Amino acid sequence: MKRFLALLATCATVLGLTALVAPQAVAATGCRVDYTVTSQWQGGFQAGVKITNLGSTVTGWTLKFAMPDAGQKLTQGWNATWSQSGSTVTAVGADWNRTLATNATADLGFTGTFTGANPKPAAFTLNGVACTGTVEEPPPAPDNGTPVGINGQLHVCGVHLCNQYNRPIQLRGMSTHGIQWFSKCYNNASLDALAKDWKSDLFRIAMYVQEGGYETDPAGFTSRVNSLVDMAEARGMYAMIDFHTLTPGDPNYNLDRAKTFFKSVATRNADKKNVIYEIANEPNGVSWAAIKSYAEQVIPVIRAADPDAVIIVGTRGWSSLGVSDGSNESEVVNNPVNATNIMYAFHFYAASHKDNYRATVSRAASQLPLFVTEFGTVTYTGGGAVDRESSTAWLDLLDRLKIGYANWTYSDANEGSASFKPGTCNGTDYSSSGVLTESGALLKSRISTPDNFPTS
Ligand code: IDC
């Protein structure tokens, strides 16, 4: 009989059928081992080894692992038959635990001696299959190379936006169009393209308050914003929640709505690292004093729920630091918002706003933390031709000053500022060059260059 089995095994091996007759085969999905040193004393230790079978049922098992240090020696084990050869420790299942159904566990243990550090064993296998997720604590999540993974929770340091290593960074990304109109443009395929093809760091979520926006359905818009925050987070992008006030221009008109909205989103997203709050898109026809008063009422609402997030305050004259109203940054420098960890918004439309606006930004950048939360390559109407020369001058300036930006818009609106040709959002292709407008192609080429975020 023995000879017959040996012969059968040989034939099976020759025919490549080992798995059919091997009594201990497990599915390749494998196993998990949790290894815990339960006590340790001078020169000796005791460890628990819990096996979880993640494959199909096994009717006999052999666990192997490596002692990483030559000084580590098995003394005695239980709930299996234990042996050690060189650095390799072997435990063979006992009669009463040799059958393990899917997800079933077996608890073993052993005592040993050690010299030196007593490192955790490595390379656990069950019937030859590597048991991933072995050691007692899961390793820290890798930064996986995404903007949020690398930079973590942001904060303002001096006039810059800084990452978890307290180093200045520039975030480059795109703004949605009004989500009340272009919701269909924000889906898994378009967000994948933004994260992977555009390598965007940032996704600004423009939630209009009027014009069919938040005021018409507060719960619905709040929930849509939250789901877009999650979609950005899943792809390692920062999400900027833009309370897109525009008409009327006095943000105080929406003060109660702002408090309700920000209390809700800040509470819900407090533990996330990827959220930046922008509390008023473009104040206009209103004094800096009124904007500051609004900010000093809304910021504490956010802070109470989410104390460490960066908050961005809009500025006078459609977030032009007052320039479009004939003023300049000095009104903010001389009378800043009474809060920490905040930045000020600056917006421009490259075909309309040129040298005097750039001069303002160059000057103000050494005194105020600035973020270009919205800009266009075209005129302030959102339409017209791309002004390549002015757009390039602006982007070069922002890069040089490490000022973050979001471009208006990641949408297929029928206007020059949109990145995609009209109709693109009815389809599934957001990646090929054929769907890009001139503005989209320009921004994609600028945003997708390497970030080289500092990590120390
Ligand atoms: C524009 C849109 C346009 C829409 C209009 C009205 O591009 O399709 O009809 O708003 O709401 C801003 C605003 C932003 C404007 C954009 C272009 O923040 O809402 O979007 N712009 O006009 N400030 C300066 C320009």
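Residues numbered from 1 in each chain as written. Predicted model: local features only at pLDDT ≥ 70, side-chain atom pairs only at ≥ 80, totals over all residues. Heavy atoms only, no water.

S.K.: Can you explain the sheet that holds strand S18 (residues 370–376)? Please cite residues and give values.
M.R.: Judged by pairing direction, the barrel is parallel, and its eight strands sit side by side in the order S12-S13-S14-S15-S16-S17-S18-S19 before closing back on the first. Taking each pair of neighbouring strands and ignoring which way they run, the sheet shows an average axis angle of 25°. Inspection of the sheet shows strand S12 (residues 172–175) paired to strand S13 (residues 202–208) by three bridges, in the parallel sense. Following the sheet pairing, Met174 is matched in S13 by Phe203. The sheet contacts of helix H8 (residues 288–305) involve strand S14 (238–244), strand S15 (275–278), strand S16 (311–313) and strand S17 (342–349), and relative to S16 the element is tilted by about 165°. (Pairing = 2+ DSSP bridges. Helix = DSSP H or I, 4+ residues; strand = E, 2+ residues; numbered from the N terminus. Axes fitted to C-alpha atoms, helices over the stretch in contact; angles between N-to-C directions. Contact = heavy atoms within 4.5 Å.)

S.K.: Any details on the state of the cysteines? Residues and values, ideally.
M.R.: A complete count under the given rule lists three disulfides for this structure. Here Cys157 engages in a disulfide with Cys162; their sulfurs sit 1.7 Å apart. With a relative accessible area of 21%, Cys157 lands in the partly exposed category. The exposure class assigned to Cys162 is buried, which follows from its relative accessible area of 0%. Sulfur-sulfur distance for the disulfide between Cys185 and Cys425 comes to 2.1 Å. Across the disulfide from Cys185 to Cys425, rotation about the S-S bond amounts to roughly 105°, and the bridge is consequently right-handed. Residue Cys185 is located in the loop between helix H4 (179–182) and helix H5 (188–197), and its partner Cys425 is located in the loop between strand S19 (405–408) and helix H13 (438–447); the two are separated by 240 residues in the primary sequence. Among the residues examined, Cys185 registers a relative accessible area of 1% and is labelled buried. For Cys425, a relative accessible area of 6% translates into the label buried. If one numbers only the bonded cysteines of the protein chain, in the order they occur, the disulfide pattern is 1-2, 3-4, 5-6. (Disulfide = S-S within 2.5 Å. Buried < 20%, exposed > 50% of the residue type's maximum accessible area, 1.4 Å probe, protein only.)

S.K.: So what about helix H11 (residues 355–364)? Which residues, and what values?
M.R.: For H11, the full list of buried residues reads Tyr357, Arg358, Thr360, Val361 and Ala364. For H11, the angular spread of buried residues about the axis comes to 155°, placing them on one side. (Arc of directions from axis to C-beta.)

S.K.: Please set out helix H12 (residues 388–401) residue by residue, giving values where relevant.
M.R.: An α-helix turns once every 3.6 residues. As a result, residues three or four positions apart point the same way. Taking 1.5 Å per residue, 14 residues should reach 20 Å; H12 reaches 20 Å between its end C-alpha atoms and fits that length. Buried within H12 are the following residues: Ser390, Ser391, Trp394, Leu395, Leu397, Leu398 and Leu401. In a view along the axis of H12, the buried residues occupy a sector of 160°, so they form one face of it. Within H12, the exposed residues directed more than 90 degrees away from the buried face are Glu389 and Arg400. In the core, the buried residues of H12 are packed alongside strand S11 (160–162), S17, H11, S18, S19 and H13. Where H12 begins, one side-chain oxygen reaches toward the backbone nitrogen of Glu389, 3.3 Å away; that side chain belongs to Asp387. (Expected span 1.5 Å × (residues − 1). Polar contact = N/O pair within 3.5 Å; in protein donor to acceptor, adjacent residues only side chain to side chain.)

S.K.: Hey, could you go over the pairing of strand S7 (residues 105–113) for me, with residue numbers and the actual values?
M.R.: Both strand S2 (residues 44–53) and S7 contribute to a ladder of nine bridges, which runs antiparallel. If you follow Ala47 over to S7, its bridge partner there is Phe110. Sheet analysis places strand S4 (residues 73–78) next to S7, joined by five bridges and oriented antiparallel. Residue Leu74 lies in a different strand from S7, and its bridge partner there is Gly112.

S.K.: Explain the pattern of salt bridges to me, and be specific about the residues and the numbers.
M.R.: Per the stated rule, a full pass over the model turns up 19 salt bridges. With a shortest N-O distance of 2.9 Å, Lys292 and Glu296 are connected by a salt bridge. Placement of the pair is Lys292 and Glu296 together in helix H8, with a separation of four residues, close to one helical turn. On the basis of relative accessible area, Lys292 is assigned to the buried category, the value being 15%. What makes Glu296 partly exposed here is its relative accessible area of 29%. Of the charged contacts, one joins Asp399 and Arg446 as a salt bridge, the two residues approaching to 3.0 Å between their closest N and O atoms. Taken together, the positions of Asp399 in helix H12 and Arg446 in helix H13 put the pair 47 residues apart, joining distant regions of the chain. The exposure class of Asp399 is partly exposed, given its relative accessible area of 29%. You can call Arg446 buried: its relative accessible area is 17%. (Salt bridge = Lys/Arg side-chain N within 4 Å of Asp/Glu carboxyl O.)

S.K.: Requested: an account of the site of the ligand, with residues and values cited.
M.R.: Tyr208, His244, Glu282, Tyr380 and Glu415 are the nearest of the 15 residues found near the ligand. Between an oxygen atom of the ligand and a side-chain N or O atom of Glu211, the distance comes to 2.9 Å. Glu374 is positioned such that a nitrogen or oxygen atom in its side chain is 2.9 Å from an oxygen atom of the ligand. Protein chains shield 77% of the accessible area of the ligand, which is 500 Å² for the free molecule. Of the residues assigned to the shell around the ligand, the class counts are six nonpolar, five polar and four charged. (Near = heavy atom within 4 Å. Areas by Shrake-Rupley, 256 points an atom, 1.4 Å probe, with all protein chains shown as cover. Nonpolar A, V, L, I, M, F, W, Y, C, P; charged D, E, K, R; others polar.)

S.K.: Any chance you could break down the sheet that holds strand S6 (residues 88–93) for me, citing the residues and the numbers?
M.R.: Two strands in a sheet stick together by hydrogen bonds in their backbones, pointing the same way (parallel) or opposite ways (antiparallel). With antiparallel pairing, five strands are arranged side by side in an open sheet as S5-S6-S3-S8-S9. One side of each edge strand has no neighbouring strand; the edge strands of this open sheet are strand S5 (80–85) and strand S9 (129–130). Relative to S6, S5 runs antiparallel, the two being bridged by six bridges. Paired with Ala80 across the strands is Gly93, a residue of S6.

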